[in-house]
Structures are given as C-alpha cells and as structure tokens.
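# Inside the fold
The lines below spell out each chain.
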Amino acid sequence: MLGLVSAALLAGCAGGGPVRLAADTTLYITRHGDRSGSDELLNEQGQARARALVAALEGEPLDAIYSPGIQRNLDTAAPLAEARGLTIERRPQEAPTARLASEAAGRAAIWIGNKGNIAEIWEVLGLPEPVGLEYGDLTVLRTDDAGRMSVERRRY
C-alpha cells in the first residue's frame, strides 16, 4: 500500500520527473465521439459511437470516468456513466497526465479526451507511436503488480 501511495504522490508532482502509472492500474484512453466540422456537439455517428463505447468496455473493470467539461466529451461519457452507475468526474483538459495518473493509481479509469490532451498524455507517459487520436480508437494501458506497462490498441 505504501508503494501505491508513493507512486501516486510521485505521479502528481508537477515538474518532479517523468509521470508513470502506479502498479495495478488500468487506464483506458479514447477521444470523444464524432462531430461534424466545427460543430461542438456529437453528430448521429458520434452518439452511436458513445453507445458503442459501453459495449466495448463490457466485462472490463471501471472505477472512474474522467473527462474535460466540454459538452461533446460529456455526451460521449454519458451512456457509459449511466450503464456503470458512475459519475463523470470533470478534469481540466490542459496537462491532465500527472493528476490522471495519481487519481487512477491502482484502479481502472477512463479518460475521454480530445486530440490535444490525448497527445499530451501519450508524450508525458512516453508511450510508443502511433497515438490513438481517431474517433473510435481505444487505448488500454495496464500496469502489472511490478509496474510494467502494456499498451493495447482497440477500435469500437
């Protein structure tokens, strides 16, 4: 337990070195659902994709849903939150990695973000290319009990 707390504290320190996910953490990362042009809201395909996210995570553990307070992100998260009986926890979209790593430590959580903050998470965690930035990309980051991370890419 002390190791988990230490890892979470280290992850939360701004400028305190590289951010790492704590042992026994699962972090799902996906972009909000589809939208049309500069429209800020989900289009019909985006609404369908938000519902498909529920099925894509069926049988997977999930303790928390994190999202910026942008309507398209919240609308993408809403079906999943309803299906799991979870509250969508709003987080700033700027530089989310350290806080996300700290809050998700030892748990299973999802970040429903945007191209910019997903790319930032990728860079800060030092993940291998390519970055999953397309609608329907779902990246699963898992750390084992020794803190070794695996990266799994899915589509939904």
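Refer to the preceding data block for the structure.
The notes below deal with the structure included here. Note that the structure is a prediction, hence the values are computed from the model and not measured.

## Topic: the packing of helix H2 (residues 44-56) against helix H3 (residues 71-84)
Across the interface, H2 lies against H3 with an axial gap of 8 Å and an inter-helix angle of 40°. The two elements H2 and H3 meet at a crossing, and its hand is right-handed. Note on element contacts: H3 touches H2 through Asp 75, Thr 76, Pro 79, Leu 80 and Ala 83, opposite Ala 50, Arg 51, Leu 53 and Val 54. For the contact of H2 with H3, a count of residues per class yields six nonpolar, one polar and two charged.

## Concerning the sheet that holds strand E2 (residues 64-67)
If you walk across this open sheet you meet the six strands as E3-E2-E4-E1-E5-E6, and the pairing is mixed. What marks the edges here is a single partner per strand, and that holds for strand E3 (88-90) and strand E6 (149-155). Geometrically, the sheet is characterised by an average inter-axis angle of 25° between neighbouring strands, direction not taken into account. As defined by bridge partners, strand E5 (residues 137-143) adjoins E6 across seven bridges and the pair is classed as antiparallel. Looking at E6, one finds that Thr 143 is bridged to Met 149.

## As for the environment of Thr 139
Relative to the helices and strands, Thr 139 is located in strand E5. Relative accessible area serves as the criterion here: at 2%, Thr 139 is assigned to the buried category. Note: C-alpha distance between Thr 139 and Arg 31 (108 residues apart in sequence) is 9.8 Å. Residues in contact with Thr 139, not counting those within four places in the same chain, are Leu 27, Tyr 28, Ile 29, Trp 122, Gly 132, Val 151 and Glu 152.

Reading the values: rules and limits
- Residues numbered from 1 in each chain as written.
- Predicted model: local features only at pLDDT ≥ 70, side-chain atom pairs only at ≥ 80, totals over all residues.
- Heavy atoms only, no water.
- Axes fitted to C-alpha atoms, helices over the stretch in contact; angles between N-to-C directions.
- Helix = DSSP H or I, 4+ residues; strand = E, 2+ residues; numbered from the N terminus.
- Left-handed = near helix turned anticlockwise from the far one by under 90°.
- Contact = heavy atoms within 4.5 Å.
- Nonpolar A, V, L, I, M, F, W, Y, C, P; charged D, E, K, R; others polar.
- Pairing = 2+ DSSP bridges.
- Buried < 20%, exposed > 50% of the residue type's maximum accessible area, 1.4 Å probe, protein only.

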